[in-house]
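The residues making up each chain are set out below.
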Amino acid sequence: MTHRISLRKILIILFWIAAWQLAGMIIQNDIIFAGPGDVIRSFLILVPTADFWCSIGWSFGKISLGFCLAFVLGVLLGSLAFRFHLLAEFLSPVILLIKSIPVASFVILALIWIGSGNLSVFISFLVVFPILYVNTITGLQNTDPKLLEMARVFAIPLSGRIRCIYLPAMIPYLTSGCRVALGMSWKSGIAAEVIGIPSHTIGENLYLSKIYLATSDLFAWTIVIILVSAAFEQLFLKLMQTAIQLIQRKEVRL
């Protein structure tokens, strides 16, 4: 069964590559649309260069840093806002403001405040933070009240309630929020780099591809963004799942 599913996925991918190649043959204009052959040639030129890997490293480091900061602060403040309603009311206008203001406006303000060097860190943080903050509160609010009542009856300490009741209730919402936020962090972070053009980043290379009308390079860098974003998503979710299992296993041992 697994073999059939894998074969089907491969055939679907091959179908879309063939459709891509067919579209390139019909358009026959490398500036407007680059076919898979042109993109592969661009990859073969880019991959051996040090600038290629340096750009990936810088963008990955800054965007992942912004996401991780937003994850920690979003879960922490979301948990505190669930516990203290006054804090939730106090933060509500800020969260609404962050969610409402366009990313482009934040990028321009960030360029004035902090320059282009840490722009992608700041923008990815702002985009991710409200998502994880809201999902954390929603997960905690959907905790089973019967389990909480049982915990009160048996005088289970706060640490036990967090690990055995609140954490399992929050995990599905937090995981779902992370899946959305991880993709959004890369989209917003790269967009910020394209506008701010910090040196040695993926966004700078996308901008240069547009300036020189190198559509095949643009497609190649876009594929790099997709691959790196997908790899980061899988890595982070795996680490988060492992950390949760360790916390719960520790509770069982206690």
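Everything below is about the structure shown above.
Residues numbered from 1 in each chain as written. Predicted model: local features only at pLDDT ≥ 70, side-chain atom pairs only at ≥ 80, totals over all residues. Heavy atoms only, no water.

Novice: A description of the nonpolar core should follow, citing residues and the corresponding values.
Specialist: Among the nonpolar cores identified, the biggest contains 55 residues, and Phe 67, Phe 71, Cys 178 and Ile 202 are the most heavily contacted of them. Not counting chain neighbours up to four residues away, the residues in contact with Phe 71 comprise Leu 132, Leu 174, Cys 178, Phe 236 and Met 240. (Core = buried A, V, L, I, M, F, W, Y, C linked by side-chain atoms within 4.5 Å. Buried < 20%, exposed > 50% of the residue type's maximum accessible area, 1.4 Å probe, protein only. Contact = heavy atoms within 4.5 Å.)

Novice: Explain the side chain of Ser 59 to me, and be specific about the residues and the numbers.
Specialist: The topology assignment puts Ser 59 in helix α3 (residues 50-83). With a relative accessible area of 0%, Ser 59 lands in the buried category. Beyond its immediate sequence surroundings of up to four residues, Ser 59 is in contact with Trp 186, Glu 193, Thr 201, Ile 202 and Gly 203. (Helix = DSSP H or I, 4+ residues; strand = E, 2+ residues; numbered from the N terminus.)

Novice: Give me the lowdown on the layout of surface pockets, citing residues and values where you can.
Specialist: Looking at the largest pocket, its volume works out to about 620 Å³. Every residue lining the largest pocket is counted, 19 residues in all, and those nearest its centre are Ser 79, Leu 140, Ile 162, Tyr 166 and Met 170. Elements with a contribution of two residues or more to the lining of the largest pocket: α3, α8 (158-196) and α10 (215-253). Broken down by element, the residue count for the lining of the largest pocket peaks at nine residues, all from α8. Partitioning the lining of the largest pocket into residue classes produces 15 nonpolar, one polar and three charged. (1 Å grid on protein atoms, 1.4 Å probe; cavity = no way out; pocket = protein on both sides within 12 Å on 5 of 7 lines; lining within 4 Å. Points joined across faces, edges and corners; volume = space filled by probe spheres on them. Nonpolar A, V, L, I, M, F, W, Y, C, P; charged D, E, K, R; others polar.)

Novice: Could you give me a rundown of the pattern of salt bridges, with the residues and numbers involved?
Specialist: Enumeration according to the criterion identifies two salt bridges in this entry. Between Arg 41 and Asp 38 there is a salt bridge; the shortest N-O distance is 2.1 Å. Of the two residues, Arg 41 and Asp 38 are both situated in helix α2 (residues 36-46); the distance of three residues between them amounts to about one turn of the helix. Of the charged contacts, one joins Glu 233 and Arg 179 as a salt bridge, the two residues approaching to 3.5 Å between their closest N and O atoms. Of this pair, Glu 233 sits in helix α10 while Arg 179 sits in helix α8, and the two are 54 residues apart along the sequence. Overall, Glu 233 belongs to the buried group, its relative accessible area being 18%. (Salt bridge = Lys/Arg side-chain N within 4 Å of Asp/Glu carboxyl O.)

Novice: Quick rundown of unusual backbone geometry? Include the residues and the values.
Specialist: A positive phi angle, close to 60 degrees, is found at His 200, a residue other than glycine. Inspection of the secondary structure assignment puts His 200 in the loop between α8 and α9 (202-211). For His 200, a relative accessible area of 40% gives the class partly exposed. The residue Leu 213 is not glycine, and still its phi comes out positive at about 55 degrees. Take Leu 213: it is sitting in the loop between α9 and α10. Here Leu 213 falls in the exposed class, since its relative accessible area comes to 52%.

Novice: Give me the environment of Asn 205: which residues, what numbers.
Specialist: In this fold, Asn 205 is placed in helix α9. Counting along the chain gives 12 residues from Asn 205 to Asp 217, while the straight-line C-alpha distance between them is 8.4 Å. Non-local contacts of Asn 205, meaning those with residues more than four positions away in its chain, are made with Asp 51, Ser 55 and Trp 221.

Novice: Go over α8 with me, naming the residues and quoting the values.
Specialist: The first and last C-alpha atoms of α8 sit only 46 Å apart over 39 residues, clearly below the 57 Å expected at 1.5 Å per residue. At Leu 167, α8 shows its maximal bend, which comes to roughly 45 degrees, and the proline Pro 168 appears one to four places after that position. Two residues or fewer past α8, Ile 197 is found with a positive phi of approximately 50 degrees. (Expected span 1.5 Å × (residues − 1). Bend = angle between axes of the 7 residues up to and from the residue.)

Novice: Could you give me a rundown of the environment of Ala 220, with the residues and numbers involved?
Specialist: When you line up the elements, Ala 220 lands in helix α10. Using a relative accessible area of 1% as the deciding quantity, one classes Ala 220 as buried. A sequence separation of 184 residues divides Ala 220 from Pro 36, and the C-alpha atoms of the two residues are 9.3 Å apart.

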